[in-house]
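# Summary of structural features
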Amino acid sequence: MEKYGLSITPIFVIPSLISFILMFLSLSKYSTTTKKEKEYSPLLTALHTSWKELAKIMIVVALRSLTYYGMLSYLAIYLKHKDVSVLLSSKLLFLMLFAGAIGGLIVGMLADKYGKKLILAI
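All values reported here derive from a predicted model rather than from experimental measurement.

Counting its secondary structure elements, the protein chain contains five helices and zero strands. Walking the protein chain from its N terminus toward its C terminus, one meets helices and strands in the order α-α-α-α-α. When burial is assessed residue by residue, the protein chain has 5% of its 122 residues classed as buried.

As structure tokens, then:
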């Protein structure tokens, strides 16, 4: 990729288009649409009645993800501005991501042991 630069990037669209066409063609033989009125499952009924609360939770999750990935993107630029070497900033970024992964595993084990509600409250 470095040898040819960004000018070769459109060539990578070809395999994805071929995959799309093959998946689209294979999907048509699995179509199970019927003219009968579909019954809603209890899950869909529950979601239909509480969509406002679900939307609020989804907005919070989206904003949290936006903040987290924005911070990941900005951290390298910020550290470069503070004259931190690229190697050290890469190590710090790895440490942040690694600590998040380990924290997720530890909190998951604690939630299994002591209960999700208690750990979430803490």
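Back to the write-up after that little detour.
This part covers the environment of Leu 75. Relative to the assigned elements, Leu 75 resides in helix H3 (residues 51-81). When the C-alpha atoms of Leu 75 and Ser 90 are compared, they prove to be 9.6 Å apart, with 15 residues separating the residues in sequence. The residues contacting Leu 75, other than those within four sequence positions of it, are Leu 93 and Met 96.

In this structure, Asp 83 is a non-glycine residue whose phi angle is positive, near 60°. Looking at the secondary structure, you find Asp 83 in the loop between H3 and helix H4 (86-114). For Asp 83, a relative accessible area of 74% puts it in the exposed group.

Definitions and cut-offs
Residues numbered from 1 in each chain as written. Predicted model: local features only at pLDDT ≥ 70, side-chain atom pairs only at ≥ 80, totals over all residues. Heavy atoms only, no water. Helix = DSSP H or I, 4+ residues; strand = E, 2+ residues; numbered from the N terminus. Buried < 20%, exposed > 50% of the residue type's maximum accessible area, 1.4 Å probe, protein only. Contact = heavy atoms within 4.5 Å.

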